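# Architecture at a glance
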Amino acid sequence: ISLKTTMLNVESLALLNEIIVNTKSSILFRTLRKSGLIYDISGKVRIFPKNLIFLKFNTETESKNIERVVKRIIEKLHSLSKNIFISKQKLNTIRQNLISKLISNYQSPEYALNFYVNNFLFYNETLDFDNYLNMIKKIDLVKIRKVIKYINLSKIKLVILTNKKLKNAKEILENKDRGHR
């Protein structure tokens, strides 16, 4: 499958990353912080050949909360795969914050080089930075929902790295009672 012809693209995933995890107003931050389970969370979406999508979450939490944090992340990703609600105003704010962050990061030669290499690998052409920002400006909630459906958040496989042995790791990851893995 050519990624250019699918609903999946770098700019949609970048915006989705901000919505789900990478800001203080993100869905996972609000959910986990409000529950008192984390101090902070950040994340990154990466795309690899053959449409392999890697979502990386880094959390700051107490050891006693790790299992509950993992369960809540799985539950939230599963619920987002069914329905994501975000207001147009909130989407516009997140989009503008992402654009500001990208412009600021682009000042770094290392970031600029990574931008061009990653986009060349994804699109098989060099994408102009201003064109990329314009593509982000055009993303709407319909597009975000299509991307979520395409990557199927309810079927994500998790790898958990922790310094604490999880007693119920298999049950947490299988989540049999919710019908998803």
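You'll find the structure just up there.
Every value quoted in this text rests on a predicted model; they were computed, and no experiment measured them.

## Regarding the overall build of the protein chain
From N to C terminus, the protein chain includes eight helices and two strands. Put simply, the protein chain runs from its N terminus to its C terminus through helices and strands in the order α-α-β-β-α-α-α-α-α-α. Looking at the protein chain alone, contacts between residues at least 24 apart form 65% of all its contacts between residues at least 6 apart. Summed over all atoms, the accessible surface of the protein chain reaches about 11100 Å², with 52% contributed by carbon and sulfur.

## Notes on the side chain of threonine 31
With respect to the secondary-structure elements, threonine 31 resides in helix α2 (residues 27-34). On the basis of relative accessible area, threonine 31 is assigned to the buried category, the value being 14%.

## Some remarks on helix α7 (residues 141-151)
Of the positions making up α7, those classed as buried are Leu141, Lys143, Ile144, Val147, Ile148 and Ile151. For α7, the buried positions fall inside an angular range of 155° around the axis, keeping them on one side. One or two positions beyond α7, positive phi appears at asparagine 152, with a value near 55°.

## Quick notes on the packing of aromatic side chains
All chains considered together, the criterion is met by six aromatic pairs. The interplanar angle of 80° and the centroid separation of 5.0 Å between the aromatic rings of phenylalanine 115 and tyrosine 116 together place this pair among those described as edge-to-face. A relative accessible area of 5% means that phenylalanine 115 is categorised as buried. The class of tyrosine 116 is partly exposed, set by a relative accessible area of 27%. Relative to phenylalanine 129, the ring of phenylalanine 115 has its centre 5.2 Å away and its plane inclined at 80°; by these criteria the two rings are edge-to-face. Taken together, the positions of phenylalanine 115 in helix α5 (residues 109-123) and phenylalanine 129 in helix α6 (residues 129-137) put the pair 14 residues apart, joining distant regions of the chain. Taken together through their ring pairs, the aromatic side chains of Tyr106, Phe115, Tyr116, Phe129 and Tyr132 make up a single cluster.

## Here's the deal with the nonpolar core
Leu15, Leu16, Ile19, Leu32, Ile41, Tyr132 and Ile144 are the most contacted members of the largest nonpolar core, which totals 40 residues. Of all the elements, helix α1 (residues 10-20) adds the most residues to this core, at seven residues. Apart from the residues within four sequence positions on either side, leucine 15 is in contact with Leu91, Ile94, Arg95, Leu98, Ile139 and Ile144.

## Topic: the pattern of salt bridges
Applying the stated criterion across every chain yields a total of four salt bridges. Where lysine 101 meets glutamate 18, a salt bridge forms, and the shortest distance between an N and an O atom there is 2.9 Å. Here lysine 101, found in helix α4 (residues 88-105), pairs with glutamate 18, found in helix α1; they are 83 residues apart in sequence, far enough to count as distant. Classification of lysine 101 as partly exposed rests on a relative accessible area of 29%. Residue lysine 64 is joined to glutamate 62 by a salt bridge in which the shortest nitrogen-to-oxygen separation is 3.7 Å.

Calculation criteria
- Residues numbered from 1 in each chain as written.
- Predicted model: local features only at pLDDT ≥ 70, side-chain atom pairs only at ≥ 80, totals over all residues.
- Heavy atoms only, no water.
- Helix = DSSP H or I, 4+ residues; strand = E, 2+ residues; numbered from the N terminus.
- Contact = heavy atoms within 4.5 Å.
- Areas by Shrake-Rupley, 256 points an atom, 1.4 Å probe, with all protein chains shown as cover.
- Buried < 20%, exposed > 50% of the residue type's maximum accessible area, 1.4 Å probe, protein only.
- Arc of directions from axis to C-beta.
- Phe/Tyr/Trp six-rings, centres within 6.5 Å; stacked < 30°, edge-to-face > 60°.
- Core = buried A, V, L, I, M, F, W, Y, C linked by side-chain atoms within 4.5 Å.
- Salt bridge = Lys/Arg side-chain N within 4 Å of Asp/Glu carboxyl O.

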